[in-house]
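# Structure assessment
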Amino acid sequence: MKKILLVLLLVVLGVAGFYWYKFSNAGKGESASKQQALTLKKHSDNFNRAVATAMNAYFEMKDAFVNADTTKVKDGCRKFIQLLDSIPMAELKTDTLNIYDAAMGSHSNIKSSAQSILQQTDITEMRKDFSSVSENLYPSFLGTINYEGEKMYWQNCPMAFGDEKEANWISNTLEVVNPYLGKNHPEFKATMLHCGSVKDTIKAK
């Protein structure tokens, strides 16, 4: 009788141990799967080249603002819009956590501000739209897509539109060359060309 009870006890313990192991590991597996899903996939070379090419057009526009050349600003802006549209955004649909939707929202805001530049005739208003383009590029767009390109710099002018009206921009060089005050400012001339500071470094994670 004691042997039978002992065998039954061992069977019960064995079944209980089996189910405990199964359910405890099932939870861990689900957790690990969720953790893995948070990681953005690496982009294709085509995607990264498209982003880099669009940013080069942005830098052309920035340099035109430095020289207060509104014709070249608009030429660079048209090129920037065209190249922005050439980024294969659909590639982001393979990521999780609504990355595609968030990136497309930023993409739309960038394009809208860039198109506004083309409608302006006053360079100050054009620079305000350029500021909006920049703010939507970083950290919003470049942060959402998990930027994988060359190092860039987030720079700031504390008096872009007056003594207390700051504005930011992205530069491909560490040196501050201010697109808001530029070389031909009506009041400061070229004395404020290098006014500003580097607030952040934009680099691949």
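Remember, predicted model here, so these are calculated numbers, not experimental data. (Residues numbered from 1 in each chain as written. Predicted model: local features only at pLDDT ≥ 70, side-chain atom pairs only at ≥ 80, totals over all residues. Heavy atoms only, no water.)

To continue, consider the packing of aromatic side chains. Overall, the coordinates contain eight aromatic pairs when judged by the stated rule. Summarising the aromatic geometry, the rings of Y58 and F130 are spaced 5.1 Å apart at their centres and angled 20 degrees between planes, so their arrangement reads as stacked. You can see Y58 sitting in helix 2 (residues 45-66) and its partner F130 sitting in helix 5 (residues 123-144), a full 72 residues away along the chain. Comparing Y58 with F130 shows no difference in burial state: the two are buried. An aromatic cluster is built from Y58, F59, F65, F80, F130, F161, W169 and Y180, whose rings are joined through pairwise contacts. The aromatic ring of Y100 is capped on one face by K93, whose charged end is 5.0 Å from the ring centroid. The lysine or arginine in question, K128, covers the ring of F161, its NZ or CZ lying 5.9 Å from the ring centre. (Phe/Tyr/Trp six-rings, centres within 6.5 Å; stacked < 30°, edge-to-face > 60°. Helix = DSSP H or I, 4+ residues; strand = E, 2+ residues; numbered from the N terminus. Buried < 20%, exposed > 50% of the residue type's maximum accessible area, 1.4 Å probe, protein only. Lys NZ or Arg CZ within 6 Å of the ring centre and 35° of its normal.)

Along strand 2 (residues 167-171), five of the five residues are buried, which leaves the element largely enclosed by surrounding structure. Of the two faces of strand 2, the one carrying A167, W169 and S171 and the one carrying N168 and I170 are both buried. Bridge analysis of strand 1 (residues 152-157) against strand 2 gives five bridges, and the strand direction is antiparallel. Within the sheet, the bridge partner assigned to Q155 lies in strand 2 and is W169. (Pairing = 2+ DSSP bridges.)

Our focus in this paragraph is helix 2. In this model, helix 2 (22 residues) spans 31 Å end to end at C-alpha, consistent with the 32 Å of a helix rising 1.5 Å per residue. Positive phi appears at A68, one or two residues downstream of helix 2, with a value of about 55 degrees. (Expected span 1.5 Å × (residues − 1).)

Okay, the packing of helix 2 against helix 3 (residues 70-85) next. Helix packing for two helices is described by the angle between their axes and how far apart those axes are. It is the contact of helix 2 with helix 3, at a shortest axis distance of 8 Å, that shows an interaxial angle of 165 degrees. Regarding the angle of helix 2 to helix 3, the classification is roughly antiparallel. Here helix 2 and helix 3 pass one another in a crossing that is left-handed. On the side of helix 2, the interface is formed by T53, A54, A57, Y58, E60, M61, A64 and F65, while helix 3 contributes K72, V73, G76, C77, K79, F80, L83 and L84. Across the contact of helix 2 with helix 3, the residue classes tally to 11 nonpolar, two polar and three charged. (Axes fitted to C-alpha atoms, helices over the stretch in contact; angles between N-to-C directions. Parallel < 35°, antiparallel > 145°, perpendicular 65-115°, else oblique. Left-handed = near helix turned anticlockwise from the far one by under 90°. Contact = heavy atoms within 4.5 Å. Nonpolar A, V, L, I, M, F, W, Y, C, P; charged D, E, K, R; others polar.)

Another point: the confidence of the model for the protein chain. Counting all residues, the mean pLDDT for the protein chain is 85, and 79% of those residues have values of 70 or more. Ignoring residues within four places in sequence, the model shows residues 1-39, a span with pLDDT below 50, making three contacts including any to other chains. (pLDDT = per-residue confidence, 0-100.)

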